[in-house]
Amino acid sequence: MHTKSRAIFRWSIIAVGILAAYAPMPVAGQAAPQTPPAGALATHVTLDQAIDLALKHNHSLQAARTMISQNQAQEITANLRPNPVGLIDEQYLPFFSPSAFTHDYVNTNAVFDLGFSYLIERGRKRHWRYEAAHDQTAVTTATVTDDERALTANVAQQFVAALLAKANMDLAEQDLKSFQQTVDISQASFKAGAMSEGDLIKIKLQLLQFQMDLSAAKLAQVQAMASLRQLIGFDAVPESYEVDGDLAYENVHLNLDDLKMVALRTRPDLRAAVLGVKAAQSQFSLAKANGKQDLGVTFTYNHLGGVNTGSLFFNMQIPIFDRNQGEIARTRYAITQSQELSSEQASIALTDVVNAYESVRTSDEVVTLYQSGYLKQAEESRDISQYAYQRGAASLLDFLDAERSYRSTELAYRQALAGYMSSLEQLRQAVGTRGLQ
């Protein structure tokens, strides 16, 4: 029995050696590649990734994009020619005298007609129908592109809001942890008889405020992340996804006149307005073409009295009353309307640029003020008051006041950073491009 066990052990060692000899050797310093499972969702999302996911998965945008396909289908319809019409009739057949239904009677007495009719469109109607549909597709395409611009701005704004909520929650956690140490020290001081019970209660009540601030910060983060997920698509990220990034100050050098020129050149809503003028002109040309009367042509083969003949017919409406005057006048006014709207859209774009530019400039000044010393002074004041209070050199009220001032300053600074980043995103939307420099 002992010999059999040794033999099994020896053959096991040999088998392991063979498997090791044929197994692929890992490269030194190189980790084994890990392929994410198919259909895996991104759990960490940057701003650029969030925008890209929104452009791919946002349902409202996907619905708007179908309008382009619908307009392209209308182009097909507009470019179709009229269908020919087939004609056939048989007359004087002896249905009520079956005995007279002979070959000679049908050949000599019955009448047979077989023909085709076709409508010849005058005024290049098909051409102008297609041009009008094609121009409308161009307007719709530019409008959808503008929807993408608006969605990109909304995602960026909401992403900044998510970063702000994340920063506020981190600050609330840090403040709670720091103040918890103060509570512990105060508890020890009270037990040693160095602090009154009233001061200890005030400290604990202040701790409740920190806990409430943390709860509010957590709720704000959940809401911000849910709103961002709605924009980028619920199916694009898991419920527990996170945003990558921080509130940061980005110093940009901008020239207002250059921004205005870029906006007039790149904004898709302006391009849609200009294309709207061209589409209105195509509708006017189509209305004039529809005022031209079409020609109906019919050719028939006739069999009568044993004789085979052919007939050719022409028909056309006499344009005495209806010459499409009303539609021609309406589309002429529509051109003027489109031109006015195009000019107004340009004014709106320039106003957006000016407002966004001033918002960035003002937000930049606010952030610079905080970074020039106020933020550091608030932190130093809090630290000094805390140090003095823990050693009995400052009152409880002075310490709590310094703590509140520091927390409010930190929150305001984060709000200022978020406001500055949001102003930059607003300017990018106003200009129509994400590259401002």
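Since we're looking at a predicted model, the values are computed, not measured.

Things to note about the environment of His127
And step 1. Along the chain, His127 falls in helix H5 (residues 125-191).
And step 2. Judged by its relative accessible area of 29%, His127 falls in the partly exposed class.
And step 3. Along the chain, His127 and Leu80 lie 47 residues apart, while their C-alpha atoms are 9.8 Å from each other.

Regarding the sheet that holds strand S6 (residues 307-316)
And step 1. The strand order across the open sheet built from 4 strands is S2-S3-S5-S6, with neighbouring strands paired in antiparallel fashion. Edge strands, defined here as strands with exactly one partner in the open sheet, are strand S2 (85-91) and S6. This sheet shows a mean twist of 15° between the axes of neighbouring strands, independent of strand direction.
And step 2. Where strand S5 (residues 295-304) lies against S6, 10 bridges are found, and the strand directions are antiparallel.

A few points about helix H3 (residues 59-78)
Structurally, the α-helix is built with 3.6 residues per turn, so residues lying three or four positions apart point the same way.
And step 1. For H3, with 20 residues, the first-to-last C-alpha span of 29 Å sits near the 28 Å given by 1.5 Å per residue.
And step 2. Contact partners of the buried residues in H3: helix H2 (47-57) and H5.

Quick look at the pattern of salt bridges
And step 1. If you walk through the whole model with that rule in mind, you get 17 salt bridges.
And step 2. Glu250 serves as the salt-bridge partner of Arg428, at 3.8 Å between the closest nitrogen and oxygen. Of this pair, Arg428 sits in helix H10 (residues 396-431) while Glu250 sits in the loop between strand S4 (242-243) and helix H7 (256-266), and the two are 178 residues apart along the sequence.
And step 3. Judged by its relative accessible area of 13%, Arg428 falls in the buried class.
And step 4. If you follow the salt bridges from partner to partner, you end up with Asp146, Arg149, Arg267, Asp269 and Asp352 in one network.

Re a positive patch on the surface
And step 1. Residues Arg122, Lys288, Lys292 and Arg332 make up a contiguous surface patch of positive charge.
And step 2. Topologically, Arg332 is positioned in helix H9 (residues 325-390).

A word on the environment of Pro84
And step 1. With respect to the helices, strands and loops of the structure, Pro84 is situated in the loop between H3 and S2.
And step 2. Classification of Pro84 by relative accessible area gives exposed; the value is 55%.
And step 3. The spatial distance from the C-alpha of Pro84 to the C-alpha of Ile120 is 10.0 Å, given a sequence separation of 36 residues.
And step 4. Contacts of Pro84, omitting those with residues within four sequence positions, involve Ser117 and Tyr118.

Details of the packing of aromatic side chains
Any aromatic ring pair is given by two values, namely how distant the centres are and how the planes are angled relative to each other.
And step 1. Applying the stated criterion across every chain yields a total of 3 aromatic pairs.
And step 2. Ring geometry for Phe179 versus Phe210: centroids 4.6 Å apart, planes at 25°, classification stacked. Within this pair, whereas Phe179 is found in helix H5, its partner Phe210 is found in helix H6 (residues 197-232), the two being separated by 31 residues in sequence. You'll find Phe179 and Phe210 in the same group, each marked buried.
And step 3. With a centroid separation of 5.9 Å and an interplanar angle of 55°, the aromatic rings of Tyr370 and Tyr413 are classed as tilted. Here Tyr370 is found in helix H9, whereas its partner Tyr413 is found in helix H10, with 43 residues between them in sequence. The pair Tyr370 / Tyr413 is uniform in exposure class, with both members buried.
And step 4. Residue placement shows Arg407 over the ring face of Phe210; its charged tip is 4.5 Å from the ring centre.

Basis of the calculations
Residues numbered from 1 in each chain as written. Predicted model: local features only at pLDDT ≥ 70, side-chain atom pairs only at ≥ 80, totals over all residues. Heavy atoms only, no water. Helix = DSSP H or I, 4+ residues; strand = E, 2+ residues; numbered from the N terminus. Buried < 20%, exposed > 50% of the residue type's maximum accessible area, 1.4 Å probe, protein only. Pairing = 2+ DSSP bridges. Axes fitted to C-alpha atoms, helices over the stretch in contact; angles between N-to-C directions. Expected span 1.5 Å × (residues − 1). Contact = heavy atoms within 4.5 Å. Salt bridge = Lys/Arg side-chain N within 4 Å of Asp/Glu carboxyl O. Patch = residues over 30% accessible without salt bridge, like charges linked within 9 Å, V, L, I, M, F, W, Y side chains within 5 Å. Areas by Shrake-Rupley, 256 points an atom, 1.4 Å probe, with all protein chains shown as cover. Lys, Arg positive; Asp, Glu negative; His and termini not counted. Charge placed at Lys NZ, Arg CZ, Asp CG, Glu CD. Phe/Tyr/Trp six-rings, centres within 6.5 Å; stacked < 30°, edge-to-face > 60°. Lys NZ or Arg CZ within 6 Å of the ring centre and 35° of its normal.

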